[in-house]
Amino acid sequence: MSGRTVSILEGNTFVVSDRGGNINATLTDPEGLFAWDTRFLSKWILTVDGLTPNVLSTDDLRYYETQFFLVPGTGTIYVDADLSIIRTRAVGEGFSEDIVIRNESNEPKEMKVKLEAAADFADLFEVKDAQPKKGQLYQTVKDSRLTLGYKRGTFNRETFITSTASALFEKDGLTFNIRIEPHSEWKTRVDVEISLGRLIERPVNGDRPQRGKDLTQWLKGAPSLRSEWEPMARIYTKSLVDLAALRFRARAVDEGALPAAGLPWFMSIFGRDSILTSFQALPFVPDLARSTLQALARWQGTRVDPFRDEEPGKILHELRYGELTAFEERPHSPYYGAADSTPLFIVLLDEYSRWTGDRQIVRDLEVEARAALNWIEQYGDHNGDGYIDYKRAMDTGLDNQCWKDSWNSILFADGTNSILPRSTCEIQGYAYDARVRGARMAREIWHDPDLASSLEQSAIALKDRFNRDFWLPERGCYALAIDGNGRRVDSITSNIGHLLWSGIVPEDRAARCAELLMSDALFSGWGVRTMAEGEGGYNPIGYHLGTVWPHDNSIIAWGLTRYGFRKEAARIAAGILQAALFFNGRLPEAFAGYRRQMTRFPVEYPTACSPQAWATGAPLLMLRAIMGMEPVDGRLLVDAKLPIGAGWVEILDIPGAWGRADAYGRGTIEVDIQALDATVVGSVRSTSAAAPSTAPGRAS
Amino acid sequence: MSTASDVERVPEIFRHLAEEGQVASLRDRNGVYEFDIAEGGGKWYLNLDHGTPKLAETAAHPNVVITCSPADFVAMSEGSQNVVTAFLQGRITCTGDLAFALDVRRLFPVPA
């Protein structure tokens with residue numbers, strides 16, 4: 001979150017306010033109370049005798065609750081205050097706010113306290129647009145309750161505001177005329193509750209979730225980590241806490257908490273993001289993967305629906321609940337425009353089963369897994385060339401349906417754009433891996449040797465075909481994609497690291513991939529850039545054209561580990577973990593691809609969300625890579641290759657098929673970048689948090 | 001607005017749903033839907049037993065009560081009205097388990 005705003009959340013309800021607790025939504029500051037992808041409060045301003053209090057400090061250490069410490073504004077210059085105001089806000093389905101005003105003087109004080117309230121009921125997708133609403137806004141006051149509402153046909157959303165202390169309720173808010181005796185206090189609790197109209201009934205004044213207790217249990221259930229390099233433990237704990245905040249319990253599924261894509265704007269079910277984050281976190285909090293698999297299975301595509309890019313067996317991209325989705329002005333009910341989420345679903349299912357020893361889930365999800373494998377064979381390849389490709393069926397869909405989902409991410413080396421449909425290389429790698437893993441599950445758990453053989457043959461054929469068609473002999477590299485004209489998109493990019501993860505790269509080409517990944521063109525000193533310096537489209541601050549993405553690097557490091565390039569993996573881990581120190585242990589979604597020697601610190605790329613789920617998961621997969629942790633026949637194999645600066649690392653109580661096990665490692669790998677150094681501390685502020693894109697998905 | 005024809009088609013649609021047999025993607029779901037079809041469409045109870053829907057005379061504790069007009073019910077059964085957006089628009093009212101309610105979309109035939 002930006003330095004100017006505070007965000008707290010519970011499930012898919014979140015509040016973005018200024019540092020004094022006020023909400024005053026504008027096109028440039030998309031503040032508000034949001035739930036179910038709708039803004040239920042766009043104005044919430046506390047004044048005392050007509051003035052906005054000054055902020056002393058803000059405690060936003062917990063993701064579900066925050067406190068604002070204020071003193072009355074004088075309107076001119078600061079004078080010693082004898083009133084203090086404490087706003088304590090906890091988010092639930094809506095929020096509750098305790099307001100305490102203390103009179104610290106020897107004289108009684110009388111004042112008028114006002115809470116100005118309004119709601120525009122903007123869809124999350126339109127918070128930065130000045131679109132006129134198609135329905136009617138209304139406000140009513142009845143029985144000491146202010147109702148703010150919006151109605152468009154049968155679509156109805158309402159916000160209810162009540163107070164425990166006596167107040168004058170008006171259509172624009174509530175006013176307290178109060179008198180506080182010397183050294184006494186006045187307090188009230190204001191409840192802001194939301195209603196989804198006819199969609200669903202919910203208990204009024206239901207119990208608030210006990211998030212503090214829940215967080216403690218979450219941390220206790222994860223392995224403990226100690227390291228001679230102290231920041232390692234700090235980054236690890238930060239990742240776990242942020243993952244807790246990102247857990248999302250959707251009312252539309254009942255499978256438990258799964259990781260949402262990012263806080264606060266992307267607290268929703270995302271296929272790719274939830275799968276990759278669950279994969280990254282698997283050795284530490286495996287339950288996330290289980291919930292993710294079950295929820296995505298429940299929403300698996302069943303029909304051909306061009307508007308939603310839905311096909312039978314396809315795993316969704318994103319599910320939303322707002323007005324634009326409701327009236328099919330956006331396709332997110334759910335939207336299936338991701339060409340990689342389906343093979344990644346198979347990858348996660350197999351990995352989860354291997355790590356935890358849970359074979360039952362593979363049996364439970366056999367129907368969905370077979371449908372996903374069938375999608376890869378039958379539906380994913382639209383032009384019949386043997387590769388998964390994508391092309392949105394309607395203009396409301398996503399242009400690029402791979403993880404690099406910005407419109408210009410798939411460029412030729414001369415900087416020109418490729419055309420649709422596109423078959424990006426990493427998706428073919430995922431499809432290969434899905435077949436290999438699907439074959440294992442078919443043979444060992446579904447007891448279907450025919451399917452297993454078929455998948456294995458199909459995987460071998462794909463690997464051969466891919467290495468023939470995607471290899472660029474003139475560049476000694478894999479093409480980024482094959483485009484709609486059958487041309488090989490010849491930019492050198494980080495995607496080759498994903499190919500190593502998938503296993504589609506033959507041994508004799510893996511070394512060349514590793515060499516390229518660690519070249520000055522791709523490796524910035526902090527991490528591997530999304531696109532190599534020197535390519536026509538390269539831009540160190542282009543979203544997918546040269547920035548460094550921590551999650552991308554964690555996958556690359558894991559891919560390098562798979563092929564035995566441990567020194568290279570350690571080097572990437574060292575760079576990314578050092579970068580984390582500049583962000584107080586919380587890696588951003590992306591940072592600029594400038595050379596490390598040039599900037600001396602990683603320059604953050606302004607993005608919509610913090611924490612971002614797969615950036616949060618990146619240190620966890622990095623740890624797995626450098627500790628060399630792999631499940632083998634129900635046991636945990638540890639083969640640590642740590643950078644020397646890490647000293648020793650100890651991870652205790654790692655959950656898995658073996659019950660609980662420990663892992664130890666000592667730094668032995670020389671890396672030729674700045675040694676891991678705890679003195680590299682500081683803080684890099686991002687620019688203002690951006691509002692979400694108005695296009696589907698995240699990229700704009 | 002529902003027509004008399006919509007109301008007349010409601011029983012036929014429920015009978016058809018109950019004859020379809022197990023829906024594979026709902027094979028681990030058990031529970032009871034109560035459908036309150038307004039405008040004379042009547043109350044209907046659909047017992048989902050490991051994904052196999054069966055009509056019941058009544059149910060003491062349905063997992064969810066779904067209310068809608070005959071026209072919307074017919075439209076959903078034909079695939080011309082998306083079930084999820086019908087919920088989001090408020091064309092369907094749901095009291096109870098929303099996740100179970102949304103599973104209804106799996107019961108209706110795939111539109112052409």
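Residues numbered from 1 in each chain as written. Chains lettered and ligands numbered in written order. Predicted model: local features only at pLDDT ≥ 70, side-chain atom pairs only at ≥ 80, totals over all residues.

1. Describing the overall build of chain A
How we decide: In this description a helix means any DSSP run of H or I spanning at least four residues, a strand means any run of E spanning at least two, and both kinds are numbered starting from the N terminus. Radius of gyration here is computed from C-alpha atoms only, and the compact-globule reference equals 2.2 Å multiplied by the residue count raised to the power 0.38. Burial is judged by counting the other C-beta atoms within 10 Å of a residue's own C-beta: 20 or more makes it buried, 12 or fewer makes it exposed, and any count in between marks it as partly exposed, with every C-beta position built from the backbone. C-beta atoms are first placed from the backbone for all residues, and any pair lying within 7 Å is then listed as a contact.
Scanning chain A from terminus to terminus reveals 16 helices and 30 strands. For chain A, the C-alpha radius of gyration of 26 Å lies close to 27 Å, the compact-globule estimate for 700 residues. Its C-alpha atoms put chain A at 85 × 55 × 50 Å along the principal axes. For chain A, the proportion of its 700 residues judged to be buried stands at 56%. In chain A, 66% of the contacts between residues at least 6 apart in sequence involve partners at least 24 apart.

2. Structural notes on the overall build of chain B
Helix and strand content of chain B: four helices and five strands. Secondary structure elements in chain B, listed N-terminal to C-terminal, are α-β-β-β-β-α-α-β-α. Taken over the C-alpha trace, chain B has a radius of gyration of 13 Å; the compact-globule value for 112 residues is 13 Å, and the two agree within 12%. Projected onto the principal axes, the alpha-carbon positions of chain B cover approximately 35 × 35 × 25 Å. By the burial criterion, 44% of the 112 residues in chain B qualify as buried.

3. Digging into unusual backbone geometry
All names here are of chain A. The peptide bond linking Ser333 to Pro334 adopts the cis configuration, its omega dihedral lying at -5 degrees. Within the secondary structure layout, Pro334 lies in the loop between α5 (323-326) and α6 (341-356). A cis amide bond links Leu420 to the next residue, Pro421, at an omega of -5 degrees. Along the polypeptide, Pro421 turns up in the loop between α8 (366-379) and β21 (423-424).

4. Considerations on the nonpolar core
Residues and elements named next belong to chain A. Our working rule: We define the nonpolar core as any set of buried residues of the types Ala, Val, Leu, Ile, Met, Phe, Trp, Tyr and Cys, connected via C-beta atoms lying within 7 Å of each other.
Grouped together as the largest cluster of nonpolar side chains are 247 residues, with contacts concentrated most on Leu348, Ala573, Met622 and Ile626. If one sorts the elements of this core by residue count, helix α16 (residues 613-627) sits on top with eleven residues. The residues contacting Ile626, other than those within four sequence positions of it, are Ala569, Ala570, Ala573, Ala640, Lys641 and Leu642.

5. Observations concerning the packing of helix α3 (residues 271-281) of chain A against α6(A)
Each pair of packed helices can be summarised by the angle the axes make with each other and by the distance between the axes. Residue and element names in this part refer to chain A. Convention followed: Here an angle of 0 to 180 degrees is reported between the N-to-C directions of two axes, which are lines fitted to C-alpha atoms, with helices fitted over the stretch in contact. The scheme is simple: roughly parallel for angles under 35 degrees, roughly antiparallel for over 145, roughly perpendicular for 65 to 115, oblique for anything else. If you view the pair so one helix is near and one far, a crossing is left-handed when the near helix is turned anticlockwise from the far one by less than a right angle, and right-handed when it is turned clockwise. In this count, Pro and Cys sit with the nonpolar residues alongside Ala, Val, Leu, Ile, Met, Phe, Trp and Tyr, while Asp, Glu, Lys and Arg are called charged and the others, Gly among them, polar.
Contact geometry of α3 with α6 gives a least axis separation of 10 Å together with a crossing angle of 25 degrees. If you check the angle between α3 and α6, you find them roughly parallel. Crossing handedness for the pair α3 and α6: left-handed. Seen from α3, the contacting residues are Gly271, Arg272, Ile275, Leu276, Ser278 and Phe279; seen from α6, they are Ser341, Leu344, Phe345, Leu348 and Glu351. Of the residues contributing to the contact of α3 with α6, the split by class is six nonpolar, three polar and two charged.

6. Some words on the pairing of strand β1 (residues 31-37) of chain B
The two faces of a sheet get side chains in turn, since along a regular strand they alternate between them. Residues and elements named next belong to chain B. Convention followed: Two strands pair if DSSP finds at least two bridges between them.
Counting buried positions along β1 yields five of seven residues, so the element is predominantly enclosed. Pairing geometry for β1 and strand β2 (residues 42-49), over seven bridges, is antiparallel. The residue bridging Tyr33 from the neighbouring strand is Leu46, located in β2. Counted along the chain from β1 to the antiparallel partner β2, the turn is four residues long, and its residue Glu39 has a positive phi close to 55 degrees. Relative to strand β4 (residues 64-68), β1 is paired through five bridges, and the arrangement is parallel.

7. Re the sheet that holds strand β29 (residues 648-656) of chain A
Residue and element names in this part refer to chain A. Taken together, four strands build an open sheet; the order of strands is β18-β29-β30-β28 and the sheet is mixed. Edge strands, defined here as strands with exactly one partner in the open sheet, are β18 (224-227) and β28 (642-643). Here β28 pairs with strand β30 (residues 659-669) via two bridges, running parallel. Across the sheet, Leu642 pairs through a bridge with Gly667, a residue of β30.

8. Concerning the sheet that holds β21(A)
Residues and elements named next belong to chain A. Spatially, three strands are ordered β21-β24-β25 in an open sheet, and the strand pairing comes out antiparallel. Strands at the two margins of the open sheet, each flanked by one partner only, are β21 and β25 (488-489). Pairing analysis gives two bridges linking β21 to strand β24 (residues 481-482), with the strands arranged antiparallel. Bridge pairing in β24 places Thr424 opposite Ala481.

9. A look at α6(A)
All names here are of chain A. For clarity, the threshold we go by: Here a helix's expected span is defined as the number of its residues, less one, multiplied by 1.5 Å.
For α6, built from 16 residues, the straight-helix expectation of 22 Å at 1.5 Å per residue is met to within 8% by its first-to-last C-alpha distance of 22 Å. Burial runs high along α6: 15 of the 16 residues are buried. Phi turns positive, to about 80 degrees, at Gly357, one or two residues after α6.

10. Concerning the environment of A:Leu70
Residue and element names in this part refer to chain A. Counting through the fold element by element, Leu70 comes out in strand β8 (residues 65-71). Sequence separation of Leu70 and Gly20 is 50 residues, and the distance between their C-alpha atoms is 7.0 Å. Dropping the residues within four chain positions of it, Leu70 is found in contact with Gly20, Pro53, Asn54, Val55, Leu56, Ile85 and Arg87.

11. A short note on the packing of helix α4 (residues 287-298) of chain A against α6(A)
Residues and elements named next belong to chain A. Orientation of α4 relative to α6, taken along the N-to-C sense of each, is 140 degrees, at an axis distance of 10 Å. The angle between α4 and α6 falls in the class oblique. Relative to α6, the crossing made by α4 is left-handed. Each of Ala289, Arg290, Thr292, Leu293 and Leu296 in α4 lies in contact with α6, whose residues at this interface are Phe345, Leu348, Leu349 and Tyr352. For the contact of α4 with α6, a count of residues per class yields seven nonpolar, one polar and one charged.

12. Re the environment of A:Gln67
Residues and elements named next belong to chain A. Structurally, Gln67 can be placed in strand β8. In this structure the C-alpha to C-alpha distance between Gln67 and Leu516, which are 449 residues apart in sequence, comes to 49 Å. With sequence-adjacent residues up to four places away left out, Gln67 is seen in contact with Asp59, Ile86, Arg87 and Thr88.

13. Describing helix α2 (residues 70-78) of chain B
In an α-helix, one full turn covers 3.6 residues, which means residues spaced three or four apart are oriented alike. All names here are of chain B. Here α2 lies mainly inside the structure; eight of its nine residues are buried. Listed as buried for α2 are Pro70, Ala71, Asp72, Phe73, Val74, Ala75, Met76 and Ser77. The elements touched by buried residues of α2 are α1 (4-19), β1, β4 and α3 (83-89). Trailing α2 by a residue or two, Gly79 shows a phi angle of about 85 degrees, which is positive.

14. Some remarks on the environment of B:Ala24
Looking at the element boundaries, B:Ala24 is found in the loop between α1 and β1. Excluding its chain neighbours within four sequence positions, the residues that come into contact with B:Ala24 are A:Val367 and B:Gly51.

15. What to know about the confidence of the model for chain A
Residue and element names in this part refer to chain A. Basically, it comes down to this: The pLDDT value expresses, per residue, how confident the predictor is, ranging between 0 and 100.
Across chain A, the average pLDDT comes to 90, with 91% of residues at 70 or higher. In the predicted structure, residues 201-208 sits below a pLDDT of 50 and forms five contacts with residues beyond four places in sequence or in another chain. Here residues 678-700 scores under 50 on pLDDT; set against residues more than four positions off or in separate chains, the count is 66 contacts.

16. Describing the pairing of strand β27 (residues 635-638) of chain A
All names here are of chain A. Bridge analysis of strand β26 (residues 629-632) against β27 gives four bridges, and the strand direction is antiparallel. Each residue of the ladder has a partner; that of Glu630, found in β27, is Leu637. Turn length for the β26-β27 hairpin, with the two strands adjacent in sequence and antiparallel, is two residues, and the turn residue Asp633 shows positive phi of about 50 degrees.

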